[in-house]
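Structure assessment
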Amino acid sequence: MKVCFWPGVASSIGLELAAFAFRYRALLHQLILLTATRTILYKNTVNISMSAPLAPELYYLSNFRTALAWVGERYADLLSDEERAFLDTFNTLAWPSQALLVRMIMRKGCHFRLSKLVYPQIGDCLTAAAPLLELGWITEQALLTVDEIAELLRKDEVLTHLPLTDRRPAQKKAELLEQLRAMELPSQTFRDWCPGLDDQLLSLMVGELCDRLRLMFFGNLAQDWSEFVLADLGIYRYESVDIGPKSRGFQCRQDLEDYLHLRQLRVSVEHGADLADIVPPLLAFSSSNPYLCSRQSRLLFQIAQQLEKGGELEQALALYQHSAHGEARWRQIRVLEQLGRDTEAHDQALAFSQAPGSDEESQRLERALTRLRRKLGLPIVKRPKAAGESRIDLVLPMPAHGCVEIAVRDHLQQDDAPVHYVENTLLCSLFGLLCWEAIFAPLPGAFFHPFHSGPVDLHSADFYPRRQHLFDSCLQQLEQPGYEQLIKARYQEKFGLQSPFVFWGMLDEARLELALQCIPAAHLHACFTRLLRDLKANRAGMPDLIQFYPQERRYRMIEVKGPGDRLQDNQKRWLSFAAEYGITVEVCYVRWTEA
């Protein structure tokens, strides 16, 4: 099914049509997906011995079993005695008990009223819970704080069962809770709190253990078990990567403990803990795992930013100096300037500028050096004059709906020269299609479960060097006739699969055809090479609009600036790059007629 963006059609309609096309294609693949996804999940895993196939409505249990099998095979040498016992014992339970436990694991929180655990496929949940209670995996005796019991009860139940001094029904539940907090009541079991309530409480006791198993499977705690469900439903589709038995996120038990340690420090920072208690253990942290080191550097950088904003400049400087975060070096320069240490700032900026970590850092250091030389009375090094900006000035009526980019798009639209609002999506999508094989190459440590939308090391410093020969091979295709057919075939083959670069909802076949017809291969090669220099920074800042001239096989890109808006640094870097490679980019400044 093809969806075109006709001239003059409002953006919302075009986006709705593109979204419809995307859903239509996804539905066509659904029957294949339900089988293919399951095949991916079970590939290279050991079989779990179960008595009978599970009913379709027990998909969540089937998925959890798959995850346990995956962890049991790949992390057998890392498992603690407790974790190994959990895997072994879980397999011996009857499926209703397994299903109830998985339902509790997948729900928010750890306390559940029996009246809320209603699953027809499980049946009597109290019967299913009996083996779990015996194992201590769930309990009926959890001690609940005032806040926890209030969370579990409705307002009318709070008024009826809790020891309030003021039971006026007009009060909000939050006001009732404040009463209870003021009474400083001790923690009690659910039955002690509500002896007259005909209900029971089941509390999950293996939540942290299952989180560790989830961490081993996904390599992070940001993803949860719902990833299985979304894949089964065809909402998310993932590239099938050959994941070997040795591909895993953590190579030793210490890696797991270190991840959890760093996570706890981050959570403490987010909850406003005293930084004096967090910074020393964070600075003392060390690991040979690059992923964990990057997490430490990011947290150090975030704390340093917080200190800088609070005026704690010396402390902020110390943390910036210990952080390997991509922005930490030029932040050091800024803090040194705020401290009045201009000579030190100048020398540091000069040293950093000899080997900048990115185009953004180079730009910032260049500005800092100019500023500092002026302050210190040193000779000013003249920068090469920037390429002249090709400018368009428009006065347009302010639209009742939509943004300034859409207003400009509709104004410039021509039957034989369509304009598309693409921003960063088009070039990134073309890059993602051409270089698909390099991006999803099954390198060690790049993928370790079936739910990766891209390689784990995508933004690491060695992402491109590790795959340079693969990317070189992809870019060489642009020098051969027929690269357009290769990209279009890749579009058909991979449509809808998760990708860190391809925006399927914005890339219909008509737009793809126009782009390949009008953008020269040399321009694509230059843009893709620039992307690879800094994938995180250089994928942003691209012009808002692109206008195709298919009869002339050419195009122009247009950056739109509304009243009072100005070019950002990453946009300036793209404009400078475009001028260097002969790519036509114009900046359109808009004023409203009403003004």
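Heads up: these notes are all about the structure in this document. Please read all numbers here as calculations on a predicted model, not as lab measurements.

Let's talk about the overall build of the chain
Assigned secondary structure in the chain consists of 28 helices and 8 strands. In the chain, which comprises 595 residues, the share counted as buried stands at 49%. For the chain, restricting intrachain contacts to residue pairs at least 6 apart in sequence, the fraction spanning at least 24 positions comes to 70%. Approximately 29200 Å² of the chain is accessible, and the part contributed by carbon and sulfur atoms is 53%.

Observations concerning the sheet that holds strand β1 (residues 111-113)
Where strands meet in a sheet, backbone hydrogen bonds hold them as pairs that are either parallel or antiparallel. Strand order in the open sheet formed by 3 strands is β1-β3-β2, with antiparallel pairing between adjacent strands. Lying at the two open borders of the sheet, with one neighbouring strand each, are β1 and β2 (138-139). Of the strand pairs in this sheet, β2 and strand β3 (residues 201-204) are connected by 2 bridges, and their pairing is antiparallel. Paired with Thr139 across the two strands is Ser203, which belongs to β3. Here helix α5 (residues 95-106) sits on the sheet in contact with β1, β2 and β3, set at roughly 75° to β3.

A word on the sheet that holds strand β7 (residues 554-561)
The mixed open sheet is built from 5 strands, whose spatial order is β4-β8-β7-β6-β5. Two strands bound the open sheet, and with one partner strand each, they are β4 (391-396) and β5 (419-421). Across the sheet, the axes of successive neighbouring strands diverge by a mean angle of 30°, strand direction being ignored. Contacts from helix α25 (residues 509-518) reach β5, β6 (545-549) and β7 within the one sheet, and its direction differs from that of β6 by about 70°.

Examining the side chain of Asp457
Looking at where Asp457 falls in the secondary structure, it is placed in the loop between α22 (436-439) and α23 (463-476). Relative accessible area serves as the criterion here: at 11%, Asp457 is assigned to the buried category. Looking at Asp457, its side chain comes within polar contact range of the side chain of Arg467, at 2.8 Å. In this structure, Asp457 is in contact with Ala446, Phe463, Arg466 and Arg467, ignoring residues within four places of it in sequence.

Brief notes about helix α17 (residues 328-338)
Burial analysis of α17 places 8 of its 11 residues in the buried class, the great majority of the element. Every buried residue of α17 is listed here: Ala328, Trp330, Arg331, Gln332, Ile333, Val335, Leu336 and Glu337. Where α17 ends, the next residue or the one after it, Gly340, has phi of about 80°, a positive value.

As for helix α9 (residues 173-182)
An α-helix turns once every 3.6 residues. As a result, residues three or four positions apart point the same way. The complete set of buried residues in α9 reads Leu176, Leu177, Gln179 and Leu180. Here the buried residues of α9 occupy an arc of 155° about the axis, which is enough to place them on one side. Seen from the open side of α9, the exposed residues pointing more than 90 degrees away from its buried face are Ala174 and Ala182. Buried-residue contacts for α9 involve α7 (146-152) and α8 (155-161). Positive backbone phi, at 50°, marks Glu184, one or two positions downstream of α9.

Description of the nonpolar core
Judged by nonpolar contacts, the single largest core of 144 residues is most densely connected at Phe86, Leu101, Ile303, Leu430, Phe431 and Phe528. When neighbours within four sequence positions are excluded, Leu430 is seen to be in contact with Ile487, Leu512, Ala515, Leu516, Ile519, Leu524 and Phe528. In this structure, Val146, Ala150, Leu159 and Cys194 belong to the second largest nonpolar core, which totals 18 residues.

Points about the packing of aromatic side chains
Applying the stated criterion to the full structure yields 28 aromatic pairs. What links up through ring pairs into an aromatic cluster is the set Phe64, Trp70, Phe86, Phe90, Trp137, Phe217, Phe218, Trp225, Tyr236, Tyr238 and Phe451. Directly above the ring of Trp70 sits Arg74, whose terminal nitrogen or CZ lies 3.7 Å from the centroid. Across from the ring centre of Tyr60, 3.9 Å away, lies the NZ or CZ of Arg103, which sits over that ring.

Quick word on the packing of helix α13 (residues 253-270) against helix α14 (residues 275-284)
For the pair α13 and α14, the least separation of the axes is 10 Å and the interaxial angle reads 155°. When the axes of α13 and α14 are compared, the pair comes out roughly antiparallel. For the crossing formed where α13 meets α14, the hand is left-handed. Residues His261, Leu262, Leu265, Ser268 and Val269 of α13 form the contact with α14, whose participating residues are Leu275, Ile278, Pro281 and Leu282.

Quick look at the pattern of salt bridges
For the coordinates displayed, the defined rule picks out 40 salt bridges. Glu337 serves as the salt-bridge partner of Lys375, at 3.5 Å between the closest nitrogen and oxygen. With Lys375 in helix α19 (residues 359-376) and Glu337 in helix α17, this residue pair connects regions lying 38 residues apart in the sequence. Judged by relative accessible area, which is 45%, Lys375 ranks as partly exposed. Residue Glu586 is joined to Arg556 by a salt bridge in which the shortest nitrogen-to-oxygen separation is 3.0 Å. With Glu586 in strand β8 (residues 585-592) and Arg556 in strand β7, the pair connects residues that are 30 residues apart, well separated along the chain. When sorted by exposure, Glu586 lands in the same class as Arg556, which is buried. Taken together, the salt bridges that share partners define one network made up of Glu82, Glu83, Arg212, Arg253 and Glu257.

What counts and how
- Residues numbered from 1 in each chain as written.
- Predicted model: local features only at pLDDT ≥ 70, side-chain atom pairs only at ≥ 80, totals over all residues.
- Heavy atoms only, no water.
- Helix = DSSP H or I, 4+ residues; strand = E, 2+ residues; numbered from the N terminus.
- Buried < 20%, exposed > 50% of the residue type's maximum accessible area, 1.4 Å probe, protein only.
- Contact = heavy atoms within 4.5 Å.
- Areas by Shrake-Rupley, 256 points an atom, 1.4 Å probe, with all protein chains shown as cover.
- Pairing = 2+ DSSP bridges.
- Axes fitted to C-alpha atoms, helices over the stretch in contact; angles between N-to-C directions.
- Polar contact = N/O pair within 3.5 Å; in protein donor to acceptor, adjacent residues only side chain to side chain.
- Arc of directions from axis to C-beta.
- Core = buried A, V, L, I, M, F, W, Y, C linked by side-chain atoms within 4.5 Å.
- Phe/Tyr/Trp six-rings, centres within 6.5 Å; stacked < 30°, edge-to-face > 60°.
- Lys NZ or Arg CZ within 6 Å of the ring centre and 35° of its normal.
- Parallel < 35°, antiparallel > 145°, perpendicular 65-115°, else oblique.
- Left-handed = near helix turned anticlockwise from the far one by under 90°.
- Salt bridge = Lys/Arg side-chain N within 4 Å of Asp/Glu carboxyl O.

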